[in-house]
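Geometric and topological summary
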Amino acid sequence: MRALLPFIRLFAFAKLPLILGLILMILGLASSMGLLTLSGWFLAATAIAGLGSLFNFFYPSASVRGLAIGRTVARYFEKWVTHDATFRVLANLRVQVFEKIIPLSPAVLNRYRNSELLNRLVSDVDTLDSLYLRLLAPFFSAVLVIIAMTIGLSFIHTPLALGIGMVLLLSLVLIPTTFYRLGQQFGKPLVQARATYRTQFLEFIQTQAELLLFNAENQIKAKMENTEKHWQATQEKEAKLGGFSTALSLFINGLLICAMLWFGSQADFGDDEYRAAFIALFTFAALAAFEIIMPLGATFLHIGQVIAAAERVTDIVEQQPLVEFQGEEKFEPQVRLISAKNLSFTYPESKNLALDTLTLDLEQRQKIAILGKTGSGKSTLLQLLVRNYDPNQGELLLAGKPISGYAEQTLREQFCFLTQRVYVFSDTLRQNLQFASHDKISDEKMIEVLNQVELGKLLTQPEGLDLWLGDGGRPLSGGEQRRLGIARILLNAAPILLLDEPTEGLDRETERQILRLILQHTENKTLIMVTHRLTALEQFDKICVIDEGKLIEQGDYKSLIKKEEGFFKRFVERV
Ligand code: ATP
Ligand code: MG
């Protein structure tokens with residue numbers, strides 16, 4: 001239950017509408033009970049009075065009508081106000097969760113699958129809507145209405161009124177606690193099974209091509225079926241308990257009605273003529289109480305799920321970012337632009353050193369190429385430069401100041417990072433290019449750059465720059481995706497470029513052309529390029545070879561090629 005507290009506090013955000021909703025809920029419930037109670041009395045009393053009597057029909061019938069209309073109106077506005085407020089609270093919660101998620105990227109988020117994050121943000125937050133709508137508001141309005149009804153009825157017959165009140169309040173304590181306990185076992189499995197099923201289903205859709213090729217569709221289907229069976233079995237158990245709670249509520253209600261008939265028939269109402277009408281009044285009051293007791297069991301069975309959802313959302317909200325941007329240093333360019341001293345780094349949840357006491361210096365406007373076997377730590381070095389992770393040991397300086405001293409925006413403005421995998425947004429070609437720059441890029445500039453990277457053929461479609469890419473759009477080949485990445489670089493104004501294998505997967509001719517473009521673009525900029533290729537390396541100021549996280553060779557092309565037994569020399573000879 002404690003897991004719900006932060007979320008209950010969140011409702012303070014829409015305090016007034018929620019209080020108004022509660023008042024409307026109380027009015028609706030009270031009118032409903034009043035309507036049935038008064039009708040019971042009225043029908044019996046008119047039957048006793050008979051036709052032509054002096055019985056006052058006017059006030060009771062007007063009250064019945066008033067209560068019927070009041071109930072409808074209160075219900076209508078209650079649903080409107082409470083749902084509106086709840087959705088506002090949930091929207092606010094989503095924004096809060098999202099704000100917490102963004103700084104976790106990418107180090108902490110790597111631990112969660114994308115579909116899992118989506119589940120928590122959408123489905124778990126949705127589950128929390130029951131907290132007010134089905135739990136808090138109905139419970140508090142029930143308590144208040146029972147107390148008000150008991151006080152009202154006690155003016156007619158105190159012991160009977162207290163009897164009804166006691167039974168209802170007792171039910172209000174016992175049914176929720178019993179079904180809350182019984183339902184606890186289902187909360188986690190149900191929420192977990194739902195999330196797992198969605199994740200597996202998404203995976204199934206996304207990996208269709210591979211599954212078909214490897215004829216492995218049935219394996220995934222079997223996994224999904226297993227999850228589904230488990231999910232259904234838990235749902236069935238919960239539904240059975242839900243049925244039991246309804247039966248129990250009906251039973252308690254039936255008992256209460258019988259008790260009212262029995263004790264009512266023995267009670268002294270001080271008015272023998274309309275005695276039967278008073279018995280009817282109490283019996284109908286007991287009948288109306290059903291409306292309060294009925295939903296309690298199912299609601300409290302459901303709390304287990306609300307708590308499980310709350311815990312899953314809290315789990316994300318409480319994650320601490322690995323990297324925090326708190327500095328406020330100004331960037332003042334220096335000749336020695338980047339300086340790494342004895343950098344060591346191990347990825348979280350990994351034991352091996354990805355970088356091992358690596359030392360490297362880079363001057364302004366220098367172009368350096370980083371070579372090394374796969375898994376040697378090349379991409380990791382770039383990840384540390386953009387502070388996706390912080391080193392465990394050593395010092396990383398940008399323009400003479402520790403890189404952690406800069407605000408996030410200052411740092412982002414200095415670097416343009418082309419990662420190993422270029423992400424194509426499900427959006428237009430124009431938008432896929434525009435986000436590379438803060439300033440508006442003109443269509444002419446985009447077309448020029450697309451032609452430079454030989455993606456001009458994308459523009460031959462009638463949509464032009466409005467061509468839809470990514471999901472549901474024009475698929476791009478691996479090489480086209482790389483070149484889209486290069487186009488973004490050419491449109492970005494940052495002074496330091498970090499390129500992770502920009503020409504991977506391109507043919508020799510295109511590679512030469514792209515490297516020429518990159519070197520032209522970076523004439524007055526600083527460039528760090530990770531590569532497995534030899535093309536154009538003579539034009540770089542420095543070539544650094546990394547092996548097992550250590551810098552093992554550095555120098556220009558001419559000096560390294562001369563180095564006997566050197567890694568670079570062997571590499572050139574092998575290619
Ligand atoms: P490649 O040429 O294949 O791209 P690389 O030199 O860029 O290789 P890195 O990606 O820097 O290699 O990886 C260095 C080491 O760190 C490897 O052993 C890799 O398995 C490991 N590694 C990389 N990313 C992570 C991660 N997110 N979590 C844990 N270990 C990682
Ligand atoms: Mg890499």
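Let us look at the structure shown here. All of these numbers come straight from a predicted model, not from anything done at the bench. (Residues numbered from 1 in each chain as written. Chains lettered and ligands numbered in written order. Predicted model: local features only at pLDDT ≥ 70, side-chain atom pairs only at ≥ 80, totals over all residues. Heavy atoms only, no water.)

Helix and strand counts for the chain stand at 18 helices and 10 strands. Here the C-alpha atoms of the chain give a radius of gyration of 36 Å, more than 25% beyond the 25 Å that 2.2 N^0.38 yields for 575 residues. Principal-axis analysis of the C-alpha atoms gives the chain an extent of 120 × 55 × 50 Å. Here the chain, with 575 residues, has 49% of them falling under the buried criterion. Taking as baseline every contact in the chain between residues at least 6 positions apart, the subset at least 24 positions apart corresponds to 75%. A total of about 29700 Å² of accessible surface is found on the chain, and carbon and sulfur atoms cover 58% of it. Looking at the chain, you have 58 positive and 60 negative side-chain charges, and the mean spots of the two groups are 2 Å apart. (Helix = DSSP H or I, 4+ residues; strand = E, 2+ residues; numbered from the N terminus. Rg over C-alpha atoms; globule rule 2.2 N^0.38 Å. Buried < 20%, exposed > 50% of the residue type's maximum accessible area, 1.4 Å probe, protein only. Contact = heavy atoms within 4.5 Å. Areas by Shrake-Rupley, 256 points an atom, 1.4 Å probe, with all protein chains shown as cover. Lys, Arg positive; Asp, Glu negative; His and termini not counted. Charge placed at Lys NZ, Arg CZ, Asp CG, Glu CD.)

Here we take up the layout of surface pockets. Considered as a void within the structure, the second largest pocket measures approximately 440 Å³ in volume. Lining the second largest pocket we find 20 residues, and of these Met25, Lys79, Leu133, Pro138 and Pro295 sit closest to its centre. Only helix H2 (15-49), helix H3 (58-101), helix H5 (130-154) and helix H10 (290-317) provide two or more residues apiece to the lining of the second largest pocket. Considering each element in turn, the lining of the second largest pocket owes the most residues, seven residues, to H5. Of the residues assigned to the lining of the second largest pocket, the class counts are 11 nonpolar, four polar and five charged. (1 Å grid on protein atoms, 1.4 Å probe; cavity = no way out; pocket = protein on both sides within 12 Å on 5 of 7 lines; lining within 4 Å. Points joined across faces, edges and corners; volume = space filled by probe spheres on them. Nonpolar A, V, L, I, M, F, W, Y, C, P; charged D, E, K, R; others polar.)

With that out of the way, let us pick up the pattern of salt bridges. Note on pairing: side chains with opposite charge can pair once their charged atoms come close. Counted under the stated rule, the structure contains 29 salt bridges. When the shortest N-O distance is used, the salt bridge between Arg120 and Asp315 registers 2.9 Å. You can see Arg120 sitting in helix H4 (residues 114-127) and its partner Asp315 sitting in helix H10, a full 195 residues away along the chain. With a relative accessible area of 31%, Asp315 lands in the partly exposed category. One salt bridge connects Lys188 with Glu311, and the closest N-O pair in it is separated by 3.3 Å. Taken together, the positions of Lys188 in helix H6 (residues 158-206) and Glu311 in helix H10 put the pair 123 residues apart, joining distant regions of the chain. Judged by its relative accessible area of 55%, Lys188 falls in the exposed class. Its relative accessible area of 34% is what places Glu311 among the partly exposed residues. One connected set of salt bridges, linked through shared partners, spans Glu116, Arg120, Asp124, Arg194, Arg312 and Asp315. (Salt bridge = Lys/Arg side-chain N within 4 Å of Asp/Glu carboxyl O.)

The next thing to look at is the coordination of the magnesium ion (ligand 2). Tetrahedral metal sites with four donors have an ideal angle of 109.5 degrees; octahedral sites with six donors have ideal angles of 90 or 180 degrees. Ser379 (OG) and Gln420 (OE1) make up the full set of protein donors to the magnesium ion (ligand 2), lying at 1.9 to 2.4 Å. Taken together, the residues span a long stretch of sequence, with Ser379 in helix H11 (residues 378-385) and Gln420 in the loop between strand S6 (415-418) and helix H13 (429-434) at a distance of 41 residues. (Donors = N, O, S within 2.8 Å, 3.2 Å for Na, K, Ca; no water.)

Ordered by their spatial adjacency, four strands build an open sheet running S2-S1-S4-S5, and the pairing between neighbours is antiparallel. Edge positions in the sheet fall to strand S2 (353-363) and strand S5 (401-402), since each of these pairs with one other strand and no more. Sheet topology places strand S4 (residues 393-398) next to S5; two bridges connect them, and they run antiparallel. Considered in S5, the bridge of Leu398 is made with Lys401. In this fold H11 packs onto strand S1 (336-346), S2 and S4, with an angle of close to 65° to the strand it touches most, S2. (Pairing = 2+ DSSP bridges. Axes fitted to C-alpha atoms, helices over the stretch in contact; angles between N-to-C directions.)

Attention now goes to the environment of Ala407. Mapping Ala407 onto the fold places it in the loop between S5 and helix H12 (408-414). For Ala407 and Ala267, which are 140 residues apart along the polypeptide, the C-alpha to C-alpha distance reads 79 Å. Those residues within four positions of Ala407 in sequence are excluded, and the remaining contacts are Phe325, Gly327 and Glu328.

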